[in-house]
Structures are given as structure tokens and as C-alpha cells.
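# A look at the structure
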Amino acid sequence: MLRFLLRRILGSLVILVLLTVVAFLLFFGMPRDPALLMCGKTCTPDSLANIHHTLGLDKSIPEQFWIFLSGLITGRNDFEQGPCPAPCFGYSYHTNEQVWSTLMDRLPLTLSLAAGATVVFLFVGLGTGLLAAWKRGTLVDKSFTAGSMVISSMQIYFLGPLALAILVYQTHIFDEPDYTPITDNPAAWFTGLIIPWAVLSTIFAAQYTRMARSSMIEQLQEEHVRTARAKGMSGRYVFFRYAWRGSLIPIITILGIDLSSLLGGAIITEFTFGLPGLGRLAVESVQFSDLPLLLGVMLFSAAVILLCNIVVDACYAFIDPRVRLS
């Protein structure tokens with residue numbers, strides 16, 4: 001198990017390094033001069049040269065990348081704003097604040113949104129999918145299957161305003177979504193994210209309903225399940241003791257792939273409800289052409305996704321020991 005995880009960690013580190021190279025070349029090696037974004041409309045050659053020197057853009061691309069990479073590991077002390085401890089992504093062009101501190105300020109909301117939505121769509125999706133497989137061919141099965149197909153075709157930018165119009169502005173069942181740190185007020189944290197959780201998890205829950213149903217039906221046709229039935233075990237015992245665990249393997253695999261989609265959904269959800277998370281920060285960095293901030297969001301999000309995939313791989317290997325030997 002340890003060797004399996006070490007291989008996954010090393011592979012993820014290689015991917016992250018390659019992604020860092022590509023991202024740096026895209027943002028700082030492109031023909032457009034990033035210094036022009038900071039210089040403003042009254043830019044003079046002297047001020048432009050000063051910005052080039054401050055940002056290190058007067059050096060070659062390999063030198064710039066080495067400075068950037070070393071800053072991520074050891075930090076940097078060559079900024080006019082002051083020292084930038086590791087991991088140093090530099091200072092925002094727009095707010096003039098450290099990119100890393102800005103990311104850490106926005107991270108709790110995005111983690112709360114993504115984690116809560118994951119719990120909801122796994123609980124609802126797996127529950128309805130397994131129930132549909134258990135009641136295969138009945139009205140319950142047909143209703144869940146048809147409903148999941150309809151809901152999965154919807155989009156967050158449609159469900160979000162619809163949920164606000166019905167649940168907040170017309171019926172006043174809920175207050176307008178807002179974020180309160182869980183350490184300050186757990187109740188306000190929970191109630192403020194109910195609608196974003198529901199909207200973000202709805203589409204994923206519909207997809208996992210169909211996956212769980214098809215995976216469970218496939219497992220119920222396996223030889224070991226039929227053997228257990230032939231031995232006289234009850235259908236309920238066979239369903240939860242033998243078929244249930246095997247049906248989780250493809251679902252966990254898809255979950256690892258869906259983490260990137262969940263982050264993309266979080267971006268749309270945060271922007272729809274006006275929540276100040278990493279998703280909205282990414283949109284703002286594009287709007288203001290804030291390259292250090294956009295680069296920081298991109299690399300940090302990639303690192304989080306790779307970390308989550310390592311956790312998923314560990315769960316996958318725990319459920320199916322054959323994976324550790326592959």
C-alpha cells in the first residue's frame with residue numbers, strides 16, 4: 001500500500017512540475033508584455049523599464065522561470081512590497097497583496113462549498129441509485145432514472161437564479177446565500193450555503209444516480225453474487241454484503257475525474273451567488289488581467305485536484321486490493 005501511494009505521489013509531483021512550466025510559459029513567455037498591464041494609460045518608457053526590472057522581466061525566460069520556481073520553494077525578497085515567504089506566487093497587479101495570502105483568505109469558502117456539495121451528491125446520488133437497482137423494473141426505478149436524466153441536462157447558471165427566485169425572493173424560505181466562517185457561527189455557515197450546495201450537487205447527484213444503478217445491476221450479475229444467492233443467503237444480505245462494495249469501484253474512479261468538474265462548477269456557483277471564493281477570484285483575475293493571481297489560482301487548484309486524486313487512489317486501492325499490484 002505504501003509503495004502504491006508513493007508511486008502516485010511522485011507521479012503527481014511530476015505532473016505539477018510540468019504544469020508549472022506550461023503555465024509559466026503561457027503567462028510570462030507570451031508575446032504580450034505583462035508590464036503594460038501595470039503601467040497604465042500614462043505609461044512612459046522609463047516607468048515601463050522600471051516595472052520590467054521590478055518584475056524581473058528584463059531577464060531571460062529560463063532565468064525568470066528559475067526565480068519563480070525557487071520562490072515557490074524558498075520564497076523571495078526582491079519585491080518592493082516586501083518579502084514574500086514560500087510558496088511565493090508574487091503580488092497581485094490589482095490589489096498589490098500577496099497572491100498566497102489572497103488564496104488562503106478565499107480557500108475556506110470554496111472548500112466548504114465543494115465538500116458540502118460532494119457529501120450531498122454522494123449521499124443522494126448513491127442512495128437513489130442503489131434504491132433504483134434494488135427496485136429494478138418498478139415505478140421507483142423508472143421515476144429515479146427518468147428524473148436523473150432530466151436533471152442532468154440542466155446547468156448551474158439556470159438552476160442558481162431559479163433557486164434564488166423561488167426559495168429566496170418569492171417564498172422567503174431561505175435567506176440570500178452568504179458565507180460565515182464555521183468557526184464564527186456554525187449555524188449561519190450551514191444555512192448560508194444550503195442553496196449553493198443544493199444547486200452545485202443537483203447535476204452531480206443525477207449523474208451518480210445512473211452510475212450507481214448501472215454499477216449495482218452489473219455487480220448483482222457477477223458469479224460470486226449468484227453463488228452467495230445459491231447458498232441460500234437473503235437478497236438483502238447479498239445486496240449489502242457482496243454487491244455494494246464492488247459497485248463502489250467504478251464510482252470512486254469517476255469521482256476522481258469529477259473533482260476538476262466540481263471545481264469548475266464551484267466557479268460558476270460562486271459567481272452566480274456572489275460568494276467570495278477561489279472561483280470568483282479566478283473570474284476577477286481574468287477581468288483585471290491579473291497574471292500573478294490567475295497563475296496562483298491555476299497552480300493551486302491543480303495541486304488540490306492532484307491531492308484529491310491521490311486520496312481517491314488510496315480509497316480505490318483499499319476497496320480493491322488488486323489495484324496495489326498493478
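Just so you know, these numbers come straight off a predicted model, no measurement behind them.

A few words on the nonpolar core. Counting 33 residues, the largest nonpolar core has F121, V199 and L200 as the members making the most contacts within it. Put simply, the parts of the chain that give this core at least two residues each are α5 (99-134), α7 (156-170), α9 (194-220) and α11 (235-273). Sort the elements by how many residues they give to this core and α9 lands first, with nine residues. Ignoring anything within four residues of it in the chain, the contact list for L200 reads L113, A117, I156, L262, G265, A266 and T269.

Here we come to the packing of helix α6 (residues 139-152) against α9. Remark: α6 packs on α9, axes separated minimally by 8 Å, with the N-to-C direction vectors making an angle of 140°. As judged from the angle between their axes, α6 and α9 are oblique. The element α6 and its partner α9 pack so that their crossing is left-handed. Here D141, F144, T145, S148, M149, I151 and S152 of α6 come into contact with α9, specifically with T202, I203, A206, Q207, T209, R210 and R213. Residues that form the contact of α6 with α9 fall into these classes: five nonpolar, six polar and three charged.

Looking now at the layout of surface pockets. Empty space within the largest pocket amounts to approximately 540 Å³. Taken together, 26 residues line the largest pocket, and the ones lying closest to its centre are A114, T118, L259, L262 and C308. Of all the secondary structure elements, the ones that give two or more residues to the lining of the largest pocket are α5, α11 and α13 (291-319). It is α11 that provides the largest number of residues to the lining of the largest pocket, a total of nine residues. Looking at the lining of the largest pocket residue by residue, the class counts come to 23 nonpolar, three polar and no charged.

By definition, a disulfide is the covalent link that joins the sulfur atoms of two cysteine residues. Taken as a whole and judged by the stated rule, the model has one disulfide. Between the sulfur atoms of C84 and its disulfide partner C88 the distance amounts to 2.2 Å. For the disulfide bridge between C84 and C88, the dihedral angle about the S-S bond is near 115°, and by the sign convention the bridge is right-handed. Comparing C84 with C88 shows no difference in burial state: the two are buried.

Counted under the stated rule, the structure contains six aromatic pairs. Geometrically, the ring pair formed by W100 and F300 is edge-to-face, given 5.7 Å between the ring centres and 80° between the ring planes. Here F300 lies in helix α13 and W100 lies in helix α5, a separation of 200 residues in the sequence. According to the relative accessible area criterion, W100 is partly exposed, its value standing at 27%. Judged by relative accessible area, which is 12%, F300 ranks as buried.

Bringing the pattern of salt bridges into the picture now. In the structure shown here, the tally under the stated rule is three salt bridges. Taking the shortest distance from any N to any O, the salt bridge between R280 and E284 comes out at 3.6 Å. Taken together, the positions of R280 and E284, both in helix α12 (residues 278-287) and four residues apart, correspond to about one turn of that helix. For R280, a relative accessible area of 28% corresponds to the partly exposed category.

Within the secondary structure, S215 is located in helix α9. Not counting chain neighbours up to four residues away, the residues in contact with S215 comprise S247 and P250.

Overall, the predicted model of the chain reaches an average pLDDT of 82, with 91% of residues at or above 70. Helix α8 (residues 186-192) holds the highest mean pLDDT among the elements of the chain, 92, whereas helix α2 (residues 35-39) holds the lowest, 68.

Here we take up α7. One full turn of an α-helix is made of 3.6 residues, so residues set three or four places apart face in the same direction. Helix length check: α7, at 15 residues, gives a terminal C-alpha distance of 20 Å against a target of 21 Å (1.5 Å per residue), a fit within 8%. For α7, the principal kink sits at L164 and spans about 25°. With its phi angle positive at about 60°, H172 sits one or two positions after the end of α7.

The rules behind the values
- Residues numbered from 1 in each chain as written.
- Predicted model: local features only at pLDDT ≥ 70, side-chain atom pairs only at ≥ 80, totals over all residues.
- Heavy atoms only, no water.
- Core = buried A, V, L, I, M, F, W, Y, C linked by side-chain atoms within 4.5 Å.
- Buried < 20%, exposed > 50% of the residue type's maximum accessible area, 1.4 Å probe, protein only.
- Helix = DSSP H or I, 4+ residues; strand = E, 2+ residues; numbered from the N terminus.
- Contact = heavy atoms within 4.5 Å.
- Axes fitted to C-alpha atoms, helices over the stretch in contact; angles between N-to-C directions.
- Parallel < 35°, antiparallel > 145°, perpendicular 65-115°, else oblique.
- Left-handed = near helix turned anticlockwise from the far one by under 90°.
- Nonpolar A, V, L, I, M, F, W, Y, C, P; charged D, E, K, R; others polar.
- 1 Å grid on protein atoms, 1.4 Å probe; cavity = no way out; pocket = protein on both sides within 12 Å on 5 of 7 lines; lining within 4 Å.
- Points joined across faces, edges and corners; volume = space filled by probe spheres on them.
- Disulfide = S-S within 2.5 Å.
- Phe/Tyr/Trp six-rings, centres within 6.5 Å; stacked < 30°, edge-to-face > 60°.
- Salt bridge = Lys/Arg side-chain N within 4 Å of Asp/Glu carboxyl O.
- pLDDT = per-residue confidence, 0-100.
- Expected span 1.5 Å × (residues − 1).
- Bend = angle between axes of the 7 residues up to and from the residue.

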